[in-house]
Amino acid sequence: MELSGLMMSVSPGSINTGLELAVLNKALDTAQDAGEALTEMMGQAAMVPGLGQYIDVRA
């Protein structure tokens, strides 16, 4: 089948849905990477002894 014939048989809605899913998958991957980086950063901050033990409440 030619490419033009294939494109005519595929509905524009299915192309848009596929594109939307690809974008959402990329956004999910990015959010997961950011979450993993944040978790790692918080774990490293917890290793500093005395960090957060005292807070200054005067302004």
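Details of the structure are given in the entry above.
Residues numbered from 1 in each chain as written. Predicted model: local features only at pLDDT ≥ 70, side-chain atom pairs only at ≥ 80, totals over all residues. Heavy atoms only, no water.

K.L.:
Is there a simple way to think about the overall build of the protein chain in this case?
P.N.:
Counting secondary structure elements, the protein chain contains two helices and zero strands. Burial analysis of the protein chain (59 residues in total) assigns 0% to the buried set. Summing over all exposed atoms, the protein chain offers an accessible surface of approximately 5600 Å²; the carbon and sulfur share of this is 66%. (Helix = DSSP H or I, 4+ residues; strand = E, 2+ residues; numbered from the N terminus. Buried < 20%, exposed > 50% of the residue type's maximum accessible area, 1.4 Å probe, protein only. Areas by Shrake-Rupley, 256 points an atom, 1.4 Å probe, with all protein chains shown as cover.)

K.L.:
Where do I start with a nonpolar patch on the surface in this structure?
P.N.:
Nonpolar side chains collect at one region of the surface, where Leu 38, Met 41 and Met 42 lie side by side and expose about 320 Å² of accessible area between them. Within the fold, Met 42 resides in helix H2 (residues 12-45). (Patch = residues over 30% accessible without salt bridge, like charges linked within 9 Å, V, L, I, M, F, W, Y side chains within 5 Å. Salt bridge = Lys/Arg side-chain N within 4 Å of Asp/Glu carboxyl O.)

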